[in-house]
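# Report on the structure
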Amino acid sequence: MVGRKLIGSTLAMQVGGLAILAVILSNILTVVFFFGDRNEIIRTIVDVETTARLTPIVGAIERGEALRLDETFSVRPADGWQAKPEVWQEAPMLADQIKASAGAKDLRVFVPRISTFTFKDLFQQVQQGGPEVAAIVRPQDQAPLLIQVRIQPDLPPPLAALVATLISGILITFGTSFLIGRMTQPLTKLAAASERIGQSAQIETVPVRGPLELRIAAGAFNRMAQRIGQLLDRQRATLWALGHDLRTPVTAMRIRLELVEDEESRNRLRESVREIERVVEDALFLARSELAAPPTQLASLDELVEKAVAGLKEADPSASGRLTVVGDAQAKILARPNDVVRAIRNLVHNALRHTSGPVHVNVSADPQPIVEIGDWGRGLPPEVLHSPGEPFVRGDQARSADGSTGLGLAIVRSIAEGHKAQFVAANRTGESGTIMRLLFDPR
């Protein structure tokens, strides 16, 4: 988790982060290995520059020629000058090379002590004009002379090296992230299309492109989406045909039951026909709800609850005394108002039907718009709690001649899914009763 936070969550960010770490690690290893040979490298740099700068000066002194010195040279008598051992070390081999090239007889060369001389020191001295070397030359029949010269080794300053490393790391990171982003773009579209399955009537396919593995995955997803679309179309067509075709025999049954002479039998048949009609209407609504357009109307959740409760009170005036509604004017949602009213009405009606006690309806806007319907009945059985809203799934407590079709909660769940809301149900802890909630996205 810590590594993911440091590098990033997307694949492009993670690969880019790894590229930066790789560049940094490679530079660290280079410095470590380079540091092991630092003395030899510094000595070589100093020796080459010292030879190049001292040889012409020593040669000119030996030949008695006039010296042409710049600000990096100084020549003066060597009387009183001593090479401090903690700062200087004599380089006899270097002196022999210069003597052979310049024709000198007596020459001693002193360079900075390498054992205490670091790259940092060298770089600092380069920025100040270069490290200093010294030589004592004794021309023929003359007093010894001290030559001091600042050498200027051709080394890149540390800041330039760091900037170059940083720029290369940034270029590698952006380049890698760009390429990985193009490679993973089909995966992002695949995930988005997967999320939209079941949220609209049209199941989308994704473009088949990218590396071979992604093309295979996209092709498999498109074939799966096509099969799911065909299955859903058949399911909707079946529900629609079932609901539509049942209307004709139900109408005929309603007409014929009026010919039944026994009033008690006629009333029972009439109630059975009403139940069949409710099942038909609920089935047709389920088939239509999956084809409904996305919600676009901004509505007050308080007003929708008020409409739902008003309809129930009109149908059953005795319910007024048991209903308590607590609203929140701040709760706003994008909705198909009639559908949300129906979902709330189903939940409140379900609560009233399964308890003789009070039913509370609470609307809240914080942290998101919520409608909560609570009762103090006997609670929901496990099969309903496990999957609230499964069509025709009812507990034994709900199996009664009260007009229940087994599709009420299924309609609630279908409406919730059409609004990208959550439908959850739970029994009260420590006491009897049920709490059902519709949780909408905050706006």
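Above this text you will find the structure in question.
Residues numbered from 1 in each chain as written. Predicted model: local features only at pLDDT ≥ 70, side-chain atom pairs only at ≥ 80, totals over all residues. Heavy atoms only, no water.

In the structure shown here, the tally under the stated rule is eight salt bridges. The residue Arg138 makes a salt bridge to Asp106 at a minimum N-O spacing of 3.3 Å. Taken together, the positions of Arg138 in the loop between strand S4 (132-137) and strand S5 (145-150) and Asp106 in the loop between helix H4 (92-102) and strand S3 (107-112) put the pair 32 residues apart, joining distant regions of the chain. (Salt bridge = Lys/Arg side-chain N within 4 Å of Asp/Glu carboxyl O. Helix = DSSP H or I, 4+ residues; strand = E, 2+ residues; numbered from the N terminus.)

The next subject is the nonpolar core. With 39 residues, the main nonpolar core has Ile344, Val371 and Leu438 as its most contacted residues. When contributions to this core are tallied by element, the ones reaching two or more residues are helix H9 (301-315), strand S8 (332-335), helix H10 (337-353), strand S9 (359-364), strand S10 (370-375), helix H12 (408-418), strand S11 (422-427) and strand S12 (434-439). Looking at this core, the element that brings in the most residues is H10, giving eight residues. Those residues in contact with Leu438 that sit more than four places away from it in its chain are Ala343, Ile344, Leu347, Pro369, Ile370, Val371, Val412, Ala416, Gln422 and Phe423. (Core = buried A, V, L, I, M, F, W, Y, C linked by side-chain atoms within 4.5 Å. Buried < 20%, exposed > 50% of the residue type's maximum accessible area, 1.4 Å probe, protein only. Contact = heavy atoms within 4.5 Å.)

This next bit is on the pairing of S12. Looking down a regular strand, the side chains alternate between one sheet face and the other. Along S12, five of the six residues are buried, which leaves the element largely enclosed by surrounding structure. Both S10 and S12 contribute to a ladder of six bridges, which runs antiparallel. By the bridge assignment, Glu372 is partnered in S12 with Arg437. Pairing analysis gives six bridges linking S11 to S12, with the strands arranged antiparallel. (Pairing = 2+ DSSP bridges.)

Pairing is mixed in the open sheet, where five strands are placed in the order S7-S9-S10-S12-S11. In this open sheet, the two strands that pair with only one neighbour each are strand S7 (323-326) and S11. Averaged over all neighbouring strand pairs, the angle between strand axes comes to 15 degrees, with direction disregarded. (Axes fitted to C-alpha atoms, helices over the stretch in contact; angles between N-to-C directions.)

We now examine the packing of aromatic side chains. Taken as a whole, this structure holds two aromatic pairs when the rule is applied. Summarising the aromatic geometry, the rings of Trp81 and Trp88 are spaced 6.0 Å apart at their centres and angled 70 degrees between planes, so their arrangement reads as edge-to-face. According to the relative accessible area criterion, Trp88 is buried, its value standing at 12%. Pairing Trp81 with Phe110 gives two aromatic rings, centres 5.6 Å apart and planes at 65 degrees, and the pair type is edge-to-face. Here Trp81, found in the loop between strand S1 (73-77) and strand S2 (88-90), pairs with Phe110, found in strand S3; they are 29 residues apart in sequence, far enough to count as distant. Taken individually, Trp81 and Phe110 each receive the classification buried, so the pair is uniform in this respect. Through pairs of rings, three or more aromatic residues link up here, namely Trp81, Trp88 and Phe110. Over the ring of Trp376 we find Arg428; its NZ or CZ atom is 3.9 Å from the centre of that ring. (Phe/Tyr/Trp six-rings, centres within 6.5 Å; stacked < 30°, edge-to-face > 60°. Lys NZ or Arg CZ within 6 Å of the ring centre and 35° of its normal.)

Running from amino to carboxyl end, H10 crosses H12 at an angle of 145 degrees, the nearest separation of the two axes being 9 Å. The way H10 lies across H12 gives a crossing that is left-handed. Here Asp339, Val340, Arg342, Ala343, Asn346 and Leu347 of H10 lie close against H12, whose contacting residues are Gly408, Leu409, Ile411, Val412 and Ile415. (Left-handed = near helix turned anticlockwise from the far one by under 90°.)

With that settled, the discussion passes to the sheet that holds S5. Strand order in the open sheet formed by five strands is S1-S5-S4-S3-S2, with antiparallel pairing between adjacent strands. With one partner strand each, in any of the chains shown, S1 and S2 form the two edges of the open sheet. Here the average twist between neighbouring strands, direction ignored, is 20 degrees. Summarising the sheet, S1 and S5 pair through five bridges and their orientation is antiparallel. Note on S5: the bridge partner recorded for Ser74 is Gln148. The strands touched by H4 within the sheet are S2 and S3, with S3 carrying the most contacts at an inclination of about 130 degrees.

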